[in-house]
Each structure stands twice: as structure tokens, then as C-alpha cells.
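Okay, here's what each chain looks like letter by letter:
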Amino acid sequence: MARTVSLLRFFSLLALISACGTFMVFCAAFLYIAPRLPEVEQLRDVQLQTPLRIYSRDGQIIGEFGEKRRSPVSIQEVPKTFIDAFLAAEDDRFYQHRGVDPTSLLRAASQLITSGSIQTGGSTITMQVAKNYFLSQERTFTRKFTEIFLAIEIERKLSKGDILELYLNKIFLGNHSYGIEAAAQTYYGTSIKELNLAQMAMIAGLPKAPSAYNPIANPERARIRRNWILRRMYALGYTSEADFNDAIAQPISARQHGTQLDVNAAYAAEMVRLEMLRRYGRAAYENGYSVITTVDSRLQKAAKNAVLNGVAEYDRRHGYRGPEQQWPINGDLDDEARKQYSRKLQDIGSVGPWHPALVLSIESRRAVVLLATGQQSTLEWEQGFAGTVRYINEDRNSYEAESVDELIAPGDVIRLRMNDGSPQRWQLSQLPAIQGALVSLDADSGAILSLVGGYSYQRSSFNRVTQASRQPGSAFKPFIYTAALANGFTAASIINDAPIVFDDASLGGTWRPSNSNGKFNGPMRLRKALYLSRNLVSIRLLRELGINTAIDYVARFGFDSSKLPRDLSLALGSHSLTPLDVVTGYAVFANGGHKVSPWLIEQIIDRDGNTIYRADPAIACHNCKADEDNIDSMEADSLDDLRADSAAHQARRAERVIDEEVVFLIDSILKDVITRGTGRKALTLKRGDAAGKTGTTNGPTDAWFSGYSSGVVTSTWIGFDQNQKLGRREFGGSVALPIWIDYMKEALQGRQERHLKQPEGIISVRIDPESGNLAAPGQGNAIFEYFRTGNAPSAISSGGAEGAYEAGNGEPIELF
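The structure reproduced in this document is the subject of the present report. Residues take numbers from 1 onward in each chain, read along the sequence in its written order. Whole-chain, interface and lining totals are the exception, using all residues; otherwise, since this is a predicted model, local features are given only for residues with pLDDT of at least 70 and side-chain atom pairs are given and counted only at 80 or more. Calculated side-chain values reflect all of the structure's heavy atoms, with hydrogen atoms and water omitted.

Attention shifts here to the overall build of the protein. For the protein, the count of helices and strands is 23 helices and 27 strands. Here's how the labels work: a residue is buried when its accessible area is under 20% of the maximum for its type, exposed when over 50%, partly exposed in between, all with a 1.4 Å probe on protein chains only. For the protein, the proportion of its 816 residues judged to be buried stands at 50%. Restricting the contact set of the protein to residue pairs at least 6 apart, pairs at least 24 apart contribute 69%. Only DSSP runs of H or I with at least four residues qualify as helices, and only runs of E with at least two residues qualify as strands; both kinds are numbered from the N terminus onward. Working rule for contacts: check all heavy atoms of both residues, and any pair within 4.5 Å makes them a contact.

Turning next to the packing of aromatic side chains. Each aromatic pair joins two rings of Phe, Tyr and Trp (for Trp, the six-membered one) with centres within 6.5 Å, and gets the label stacked for planes under 30 degrees apart, edge-to-face for over 60, and tilted for any other angle. If you walk through the whole model with that rule in mind, you get 24 aromatic pairs. Residues phenylalanine 476 and phenylalanine 559 carry aromatic rings whose centres are separated by 5.4 Å and whose planes lie at 55 degrees to one another, so their mutual orientation is tilted. You can see phenylalanine 476 sitting in the loop between β13 (448-452) and α15 (477-485) and its partner phenylalanine 559 sitting in the loop between α18 (547-554) and α19 (579-590), a full 83 residues away along the chain. In this pair, the class of phenylalanine 476 matches that of phenylalanine 559, namely buried. Grouped by ring-pair contacts, the aromatic residues Phe476, Phe479, Tyr553, Phe557, Phe559, Tyr586 and Phe589 constitute a single cluster.

The subject of this paragraph is the side chain of glutamine 128. Tracing the backbone through its elements, the reader meets glutamine 128 in helix α4 (residues 125-134). Residue classification places glutamine 128 among the buried positions, given a relative accessible area of 10%. When residues no more than four places from it in sequence are discounted, the contact partners of glutamine 128 are Glu90, Ser123 and Tyr167.

Further remarks concern the sheet that holds strand β23 (residues 702-709). Ordered by their spatial adjacency, 5 strands build an open sheet running β13-β12-β24-β23-β22, and the pairing between neighbours is antiparallel. With partners counted over all chains shown, the strands left at the sheet margins are β13 and β22 (691-696), one partner each. This sheet shows a mean twist of 5 degrees between the axes of neighbouring strands, independent of strand direction. One bridge is not enough; two strands pair if DSSP finds at least two bridges between them. Pairing of β23 with strand β24 (residues 712-719), which is carried by 8 bridges, proceeds in the antiparallel orientation. Across the sheet, the residue bridging to phenylalanine 705 is threonine 716, located in β24. To get an axis, a line is fitted to the C-alpha atoms, and for a helix only the part in contact is used. The angle between two axes follows their N-to-C directions and goes from 0 to 180 degrees. On top of the sheet, α19 reaches β12 (435-442), β22, β23 and β24; it is set at about 150 degrees to β24, its chief contact. In the packing of helix α23 (residues 732-747) onto the sheet, contacts are made with β12, β13, β22, β23 and β24, and the angle to β23 comes to roughly 30 degrees.

Inspection of the secondary structure puts glutamine 300 in helix α12 (residues 297-318). In contact with glutamine 300, other than residues within four places in its own chain, are Val263, Asn264, Ala265, Val295, Ser450, Leu451 and Val452.

The subject of this paragraph is α4. When you tally the buried positions in α4, you get 7 out of 10 residues, the bulk of the element. Those residues of α4 that sit buried are Ile125, Thr126, Met127, Gln128, Val129, Ala130 and Tyr133.

Right, let's talk about the environment of valine 78 for a bit. Take valine 78: it is sitting in the loop between β2 (61-65) and α2 (80-90). Relative accessible area serves as the criterion here: at 8%, valine 78 is assigned to the buried category. Between the alpha carbons of valine 78 and isoleucine 192 there is a distance of 7.1 Å; along the sequence they are 114 residues apart. If we skip the residues at most four places from it in the chain, valine 78 touches Val73, Ile83, Leu168, Ile180 and Ile192.

Bringing the pattern of salt bridges into the picture now. Any two side chains of opposite charge can pair, given that their charged atoms come close. Salt bridge, as used here: a side-chain nitrogen of Lys or Arg that lies within 4 Å of a carboxyl oxygen of Asp or Glu. Overall, the coordinates contain 35 salt bridges when judged by the stated rule. Across the salt bridge formed by arginine 282 and glutamate 67, the nearest N and O atoms sit 2.7 Å from each other. Of this pair, arginine 282 sits in the loop between α11 (266-280) and β3 (290-293) while glutamate 67 sits in the loop between β2 and α2, placing them 215 residues apart in sequence. Overall, arginine 282 belongs to the partly exposed group, its relative accessible area being 46%. Aspartate 444 serves as the salt-bridge partner of arginine 754, at 2.9 Å between the closest nitrogen and oxygen. Of the two residues, arginine 754 is situated in the loop between α23 and β25 (762-767) and aspartate 444 in the loop between β12 and β13; the sequence distance between them amounts to 310 residues. On the accessibility criterion, arginine 754 (31% relative accessible area) is partly exposed. According to the relative accessible area criterion, aspartate 444 is buried, its value standing at 14%. By sharing partners, the salt bridges in this structure join Glu313, Arg316, Arg317 and Glu730 into a single network.

Moving on: the sheet that holds strand β20 (residues 611-614). On the basis of which strands lie adjacent, the open sheet formed by 5 strands has the order β2-β1-β3-β19-β20 and mixed pairing. The sheet is open, and its two edges are formed by β2 and β20, each paired on a single side. This sheet shows a mean twist of 15 degrees between the axes of neighbouring strands, independent of strand direction. Pairing analysis gives 4 bridges linking β3 to strand β19 (residues 601-605), with the strands arranged antiparallel. Paired with valine 291 across the two strands is isoleucine 604, which belongs to β19.

Two numbers describe how α2 lies on helix α6 (residues 160-170): the axes approach to 12 Å, and their chain directions differ by 85 degrees. In terms of orientation, α2 and α6 fall into the roughly perpendicular class. Listed contacts from α6 to Ile83, Phe86, Leu87 and Glu90 of α2 are Leu164, Tyr167 and Leu168. Orientation categories follow fixed angle ranges, with anything under 35 degrees roughly parallel, anything over 145 roughly antiparallel, 65 to 115 roughly perpendicular, and all other angles oblique.

Okay, unusual backbone geometry next. Omega for the bond connecting glycine 699 with proline 700 falls within 30 degrees of zero, at -10 degrees, which places this linkage in the cis form. As for its position among the elements, proline 700 is in the loop between β22 and β23. A positive phi angle, near 65 degrees, is found at histidine 176, a position not held by glycine. Tracing the chain through its elements places histidine 176 in the loop between α6 and α7 (180-188). Among the residues examined, histidine 176 registers a relative accessible area of 55% and is labelled exposed. If you check the backbone angles, lysine 686 has positive phi at about 55 degrees while not being a glycine.

Attention now goes to the packing of α12 against α23. Relative to each other, α12 and α23 sit at 155 degrees, their axes nearing to 9 Å. By the criterion of interaxial angle, the relationship of α12 to α23 is roughly antiparallel. Note on packing geometry: the crossing formed by α12 with α23 is right-handed. Here α12 contributes Arg298, Leu299, Ala302, Ala303, Ala306, Val307, Gly310, Tyr314 and Arg317 to the contact with α23, which in turn contributes Ser734, Val735, Ile739, Asp742, Tyr743, Glu746 and Ala747. The crossing is said to be left-handed when, going from far helix to near helix, the turn is anticlockwise and less than a right angle, and right-handed when the turn is clockwise.

And the structure:
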């Protein structure tokens, strides 16, 4: 008995000494660490690393950039079931402890001893918050003590809800996702509010080991972890038996989801990314900036579709070039082979509307193909192949194929495109080799409404709107004609459309320019020469105007005069410009003569919702003169305030660079391009205010159309990146104009026609269309023409066609 009492005293003393020692160690650690503890109050104003997000002007997301995907949410937005899932997995006594839970520590130790692994962990959620926000990942006693002390301090300063919110927004959950909202979007493509119980439990299982329990990379291990959490939730009373049974029976539904973009505007988003990087450096990717752009989501979709359809139509009429690859196929595919080929097709990937497929078998009038989804589809002749020709070269293609085997063979990897949007109506197609671009501005402000730098950013990130400098061809002629109209020429000035030869070293020796159709029409009015795009008239006009005079004038449109050629090839647009350069120049015509600059960023907002930048562009003012006249008529006591307000707005008025009389004249000529010239296809728009100009370069290698209507100005370009020829039957009017039309149909919806008001300095006079002089009394073929006051003809025509020029009748050739 005495021995037993003695042992009890010994162990009691030992326990007391151990407890005192532990307490002393704890106190010593506290005294050592406490002065170095970070200030917990920092957590109230913590700045989580959040990516840059870019939006259209109507709030649709068009881009997201940042190493960490994160979308912070408030604790009020988190479903209670989701919170319960995390508590079951990480800290079921969260609401009972004060930062450190000895029970959890003992349970973790017990799990380690009995099973060799820890399922729930010994760290509380509060300790994890301390570690994630303040500490490194090193495993030392000092760090662990610091974590414990910080957790206790956090519990003293913050509410349980605040702690949970910090935890759920910070934790890493795999696949570049930080926080539960980002994880929900990454694995399930939806918000946390839309997740079911099984999906919530799956995400709740990730913090312990995001890679090992990744449901995409390791679905079986992820399922085991998910089911363990579901059983814990049921045992803790967090879910009913029926919900538990339903959730545990759910298959693994996670798959990789990229950022969910509302609108495909990748080229515009990249432009914004580069500008934000220039302004803010790496902080642009981390500080949660939101950028509102000028892009209109409806018009951007229309622009994207117009370019896709335009390049696809060009590609279709030039013929099928053959399969992308050829894979060996031996007889029927078993399930394993089918899966293997499907994965290879997935690796190839879709590009826009073009989906990869493997030809499994063919008959005369049909083919069976394997899709990347693993499904088989049958292509019938009428929907999938009829009308297809084979490519020979840019100028030639074969006759229409009459059977499937003329086009494809088993083992061919081909591209399919949905016919009429139905997967049951697949159509043989191919990735276009040609490229296209479209840019559209608000003519009055220069705001970029839509921008497509190529038919697929995925295939090529090269932005042809801003980076591709190409010859504009005849699309540049309106700028030369405007310079002429401002320097004494009229729309009725007569210039000879006849052959001409230049022997000039600056032009590469002997230069024999010609018209696109190889014919010459003799003397003709400037108006007609422009809407018919006669090259020889443009060259003679530039020669008479003077190259220096022309260059000095066209610089008003924003073109860099130092880069313009100082020779007569300028008349044919031989220099290089980007589509953005061209559309900016045409905006001057569209807004009545004011110079505006293109811009894309409307507003920059910081993570706290503060606007830190707002655009303040110069705006073309159409009623400014009327406003000034109103000021002059006001009573004296109100003049000061009105003039002050006018002065405040003056800084934002775009500069007038073309006289209103001149811009009225060139606008009326560009309308004739649509009504009777090379742009007649645009009559389908049924817009009386539509105006523009086609452009085609030598080869031809580039095709353009630039034009405007109702304050929307748009340029389209088509060509090959490596400057291959388009084909001798392709022109701006056949390739680029249809894209412009398709886009403008949507862009002009709901917009009224907008015509320039006839200035007081413009008069309309009846003239002889052959001579440009005043029409003779009773002349039957007389037409009306606009003139600037003082520039109208005074001579009266004889009424005949004397001296009329007939092409091909031994016409003289001028030599220079």
C-alpha cells in the first residue's frame, strides 16, 4: 500500500513538473515571439491578390488576366451547406474553440497512430488563417508557436464570420484557383450558389492536398476524399440521410473550365492588358483592377461573325485543300482505340466554329466520322459535301466533286463546321489560310465599338487591326481627292483616264500604271473617277495637285507624313497603313470634318470600386456654331455663366481639320460609290447615308472596304499574312465589302440616317456631264452637281459630246 502511494506521489510530482515545464516553455515562447507577432488588425483591410478583369461597355466580361484566379465573396454569400462541408473536413469544433483546439490535436495524433495518415488535421481554421496570411510554409517549432499565438489573437480581434471569410477566400484549391468561388468556376463552371452537395464536398476536400485530391487529375482519390467528408457531414448532423445517399452516389462531374467570357473580344482585351501593364506594371495582374472598355458586346459579336463568315466564304469558293493529317486506321475501331483517337482530336482542338474529326469510313454519298467527343456522326452528301470544289491555285479550282472519295479518305483528319447551327448537319470545311480584320469606331468620339484582329486569336494572336501595315490601295484615294477639292478642284473637274508611262528611278524604273479592268474611259469628272476607282485619273490628279500639297493636306487625317511616299504611287495607296489608321481617317469624313483619335479604355476601377481613370476624349461637335450664335443672342446677365460653360467644354471639342464645304462634297461622292460605283453591293442596306470606298492592291494581295453610316465608321481588310495573291477575280468589293455589309446590318439597327447638312457655301448647279461646264438650255443629259460658292463653272456647254474619248482607238500615251 505504501509503495502504491509512493508511486502515485512520484507520478503526480512528475506530471506537475511536466505541466510546469510545459507552461514555462509556453511562456518563454510567448515572451520571445510576442514582440515579433504581426498586427492582426491588418486582416481587416487585407488586399487579396485578384486578377485584372476587362469588360465591355455594357458590363460583359471580355478578358481576365492574372496568375491567381480569385473572386472574393462575403461570408453572407456562402451557402451554409458549403460552410458545413469545410467544417466537417477541417475543423468541426470551429465554433467551440478560441483559436486552438486541443481535442483536434489529440484526434489528429490518434489518426496518425492508428491509420498512418491524418484525415482532419490538427490545425484549426483560425490557425490556417494565421499561417496563410502571415507565415511561411517552413516546419519549425518557432513557426508553430507563432501560428498558435496568432490564432488566439485573431480569435480575440475578429468574429467567427470574419475568420471564415478570410479562410474561404485565401485557400489554394488547385488549378490556379484561390478561394471557393474561383474553384467553383474552375471545376464546375458555375458559382458557389449553384453547386450541389457532392460538388461542395469535393471542393472542401481540396485544401488538405490540392494536387493529390484534384478531381480532374486524380478522380478516384478525389472521390474517396469527397465521400469521407460526406460521411463526416452526416455523422455531425450537417445533412440528412436522403441527401447523403444522393450525394455519395453522384459521379465525378468536375472538368477544367477556363474563365467564362461573355464575349469573344480577345484582341481588344489584349490591347487593354498591354496598356494596364504599361501603367501599373505587375500590379495590374494582382490588384483587382476592373477596366470598362468602349466595346459594344452586341457589335463585337456581329463583327466576329462577319469576319468568320467572310473568310470562310472566300475559302469555300477557292476549294478544299485536303486533310490536316492522315492517321492509320485498320478496320473497325474498338472502344480503346476510339478513346485514344478522341483524345488526339481533343488535343488538336476546335478553332472557332471549325471542329476536328477523323474519317472512319466512306461511301459514294456519305461518310462516317469520329468527333472529339467520342461520338460518331454520318455526313450525308447534300448537307456535308454538295457543291465542294478542290483547290488548284488562287485562280483555279476543280469542277464540283461528284462523290465523297474525290474529297476525303478513311484516316483523314478533317474539319467540320455546323450547317445552320445544327450538329446533325455537319459540313466539310477547313481552317481558312486567309486572314481578315475589322475595326469599327464611333465617328464622333473615336471610341472603338468593335475590333477583330483575325478570325481566331487562338490560332494567331497577331492583331492585324493595329499591327498589320498593309497597302490600302484605292481606299486611300478619297484623301487625295479631298485635298484636291480643298485646293481649287471641283467634283466636275475633268481629268483624262488614259494610259501613262513614267520613267522614274524612285518608282523602280519604268512604271506603267493601269486600271483594274485594263480599260480607259477618256476624260471624266472627278466624281465619276472616284466612284469608279479609276487609277489613271487619280495619278494625273495628284500630279496636277502637287505631291507636297497633297501630303501636307492628308496629314490632317492623322497620317504620318514622314512615312508617305513622295511620288505619284501615293495616289494608288502604295504605302503601308493599319486598318486602325484607315478607319481613323475615314472618321473625319463620317463626323463632318473633325479629327478624333481612337480609344478603347473608358474607365479603370480599383478593387474598392473607386474610379481611378475616366476617358475624356475630344468629341466632334455638330452644333457648336449654333451654340455660339445662341450665346451672342443672350441677355448680358446670363452671358458670363454661359460662356464659362462653353469654355469648359471647348477643350473636349475635336478640332475641325476639313472645311464643312469640302467634307460635304467628298461625302456626296463617297455616297455615289455605294449607289453607282464599286460598292453597289451595299445597296442591300437600304441606307441613303451609307458612304465608303473599296480598295484593292496589286496582285491582288489586299482587299479593303472602309465606310460609314449614321455615325458608325468601319474598315474591313482581307489578305494573307505572307502576302500571297488573293486571286485575279477577287477585289475589295467581292471580299472585304460583304464583311462590312454583314457587320453594318447589325451596327445600324435602330439608328436613323444621318446626312451632313448642306453648308451655306455650297450650291447645286446643272452641268453637262461630259465637259463639267454649265448645261446648255434644254440639254437632255444634264445633271446636278455641288460646287463651293465661287468654284461653279461659268462657261456654258455646247451640249454635245465633242472630244469624247473612246478606249482602244489608237489613243495617245503620255510619257513622263
